[in-house]
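Examining the three-dimensional arrangement
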2 protein chains.
Amino acid sequence: MAGGSRIAVEPPSRPVMHAALVEAVERAGATVVGPADADAIVWADPAAVDRLEPILAAAPGARWIQLPYAGIETMADKLDPSRLWTCGKGVYAPDCAEWIMAALLTAFRDMPTFARATSWPRQRGRNLLGARLTVLGGGGLAESFLELIEPWGCEVTCVRRRATPVPGAHRTVTTAERFDAVRGADAVIVCLALTPETTGIVDAELLAAMPDDAWLINVGRGKHVVDDDLLAALAAGTVAGAVLDVTDPEPLPDDHPFWRHDNVLITPHVGNTPEMGLPRLVARVEENVRRWLAGETLLGPVDVAAGY
Amino acid sequence: MAGGSRIAVEPPSRPVMHAALVEAVERAGATVVGPADADAIVWADPAAVDRLEPILAAAPGARWIQLPYAGIETMADKLDPSRLWTCGKGVYAPDCAEWIMAALLTAFRDMPTFARATSWPRQRGRNLLGARLTVLGGGGLAESFLELIEPWGCEVTCVRRRATPVPGAHRTVTTAERFDAVRGADAVIVCLALTPETTGIVDAELLAAMPDDAWLINVGRGKHVVDDDLLAALAAGTVAGAVLDVTDPEPLPDDHPFWRHDNVLITPHVGNTPEMGLPRLVARVEENVRRWLAGETLLGPVDVAAGY
């Protein structure tokens, strides 16, 4: 059964994103209408969480809501289960996978040390080729990362809720086995969605199970890491260092102790930048609207109970 | 016809390398002897160029000489063409290809800016995914790099002496076409051997043909770049920046103007570090001695006339 062809693009508070999404909806063959007349809603401002409930209330006929971005934890408690929800899940995966590769190579090849040098530094660096990597997460981002790392001959273990094998991983284990999974790792890479189950998953116990020369790479959410536990490991020298694209909070305050560690590299949530992300989101929305009109399965479905 | 089984490992001036190469020769089944009795020589100290002629003179029966390292320009004028010469060509290619990936991602994702930041920086960065890359060089290093970049969907042009296609490249052109080959490139990567023909190949004319936002990546030799021309381009803003693992001279002096440019990243000749390189060289030497004893074709032959 085909979906309706009247779609609201709301709210209009982020003009560039709004205009691009309106065009995507129209290119796919639907008509852009107000919430009261809409069969579906394309959400056009990820930050405008407080606008979600009033606009949903004004759109009783909207059976499908497309959210932007992949991480939807700020909206997770507002997802009315009587409607169909999709998000940007997977859309940003190639960019974020690229950032993971950049983070690993920057760390393993000591680029921060070289970037700060003002005279010829001593030789240093280790290989990513053939390294042992543990990935927390088994979604689209982990899959994209595994595609990029494939030629490097690394031994990759994925840790996820269910042990369904992740394509390209050498082994896939469940979250309960995470401590064993990080023993012997050269780097542990967090690419999880933030849920109550994954909040604080990188804690003192996990850090203690990692080798002292292992790097922590986080492209999930800041709240995956217990900052005090990471700071204790940094002080004790029981972790090689951390590359963090996400922090809690963001921006990270100027007086946060992470800034004082030479082996902590903070990047300002650039796994994908807005410039990289908008064209990818627009393509996803256009494809999903086309599918909606044709009555086909939509991409990026949200599991409302699981919250991602 | 099988080669002789008496091999000199000379000079002994670098004890760790010398001991490892003696073991490799013996593992392959040959006997280590002095130069006077040798059918072949494994050269065991890349820096001891001035020892080459006297040791060759003392080894009239040595028909094959295995040199360490891939770049042999310091010895190129001492290669007696009546003997067979091999070098470490290709041995270090995977490590150096990894360094190229690290350099590209460090540059494209603005890691030096983030490494120097002491508070939350503004978002920046561009994709390597789908970029247009021009590689100067078509040897083992270019091939290793093309293997690593394969999943990124880049459009790669290789420039080499002869237009024999490089596996994995979208197009291969000759050195004469280098100016056209760099137009439209997001990065130009130098992985050439140093010869009279390639000395100073990155000059004002090549830099002018590159887009203003293109990065220069050099893992060849410092003398491939005309430093004054690169400094002029940096001053004029007609190049995005440079990541240089090789400089002229090395170490780069403290007062060299490269140190004063935030968009020039110097790494201290770590495409492969001694720690990465020695196990790879040892494996190559063992394999070549085994081939020599069996009368098989040796790996890494030097073209004495071409000088690499």
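Residues numbered from 1 in each chain as written. Chains lettered and ligands numbered in written order. Predicted model: local features only at pLDDT ≥ 70, side-chain atom pairs only at ≥ 80, totals over all residues.

Our focus in this paragraph is unusual backbone geometry. Residues and elements named next belong to chain A. Cis geometry marks the peptide bond from E10 to P11; its omega dihedral reads -15°. Along the chain, the position of P11 falls in the loop between β1 (6-10) and α1 (15-27). Although it is not a glycine, H269 adopts a positive phi angle of roughly 55°. You can see H269 is positioned in the loop between β12 (264-266) and α9 (274-294). In this structure H269 comes out as buried when scored by C-beta crowding, with 20 C-beta atoms within 10 Å. (Helix = DSSP H or I, 4+ residues; strand = E, 2+ residues; numbered from the N terminus. Buried ≥ 20, exposed ≤ 12 C-beta atoms within 10 Å, placed from the backbone.)

Once turned by 180° and shifted 0.0 Å along the axis, chain A lies on chain B with an RMSD of 0.0 Å. On the angle and the small slide along the axis, the relation comes out as a two-fold axis. When the interface residues of chain A are mapped onto chain B, 100% of them again fall at the interface, so both copies present the same face. (Least-squares fit on C-alpha atoms with pLDDT ≥ 70 in both. Contact = placed C-beta atoms within 7 Å.)

We now examine the domain arrangement of chain A. All names here are of chain A. For chain A, the assigned domains are domain 1 (6-89 + 274-294) and domain 2 (93-266). Just the C-alpha atoms count here: the centres of domain 1 and domain 2 sit 32 Å apart. Domain 1 puts 5 residues into the contact, and the matching count from domain 2 is 5 residues. A breakdown of the residues in the side of domain 1 that touches domain 2 according to their chemical character gives 1 nonpolar, 2 polar and 2 charged. (Domains from an automatic or database assignment. Nonpolar A, V, L, I, M, F, W, Y, C, P; charged D, E, K, R; others polar.)

All names here are of chain B. Viewed as axis vectors pointing N to C, helix α1 (residues 15-27) and helix α9 (residues 274-294) meet at an angle of 30°, and their least axial separation amounts to 8 Å. Here α1 lies roughly parallel to α9, going by the angle between them. The chirality of how α1 crosses α9 is right-handed. Contact residues: M17, A20, L21, A24, V25 and R27 in α1; L278, V282, V285, E286 and V289 in α9. Classifying every residue of the contact of α1 with α9 by side-chain character gives 9 nonpolar, no polar and 2 charged. (Axes fitted to C-alpha atoms, helices over the stretch in contact; angles between N-to-C directions. Parallel < 35°, antiparallel > 145°, perpendicular 65-115°, else oblique. Left-handed = near helix turned anticlockwise from the far one by under 90°.)

Further remarks concern helix α3 (residues 93-108) of chain A. All names here are of chain A. Over its 16 residues, α3 runs 22 Å from end to end, which matches the ideal 22 Å to within 8%, given 1.5 Å per residue. Across the 16 residues that make up α3, a large majority, 16, are buried. Directly after α3, the chain includes D110, whose backbone phi takes a positive value near 55°. (Expected span 1.5 Å × (residues − 1).)

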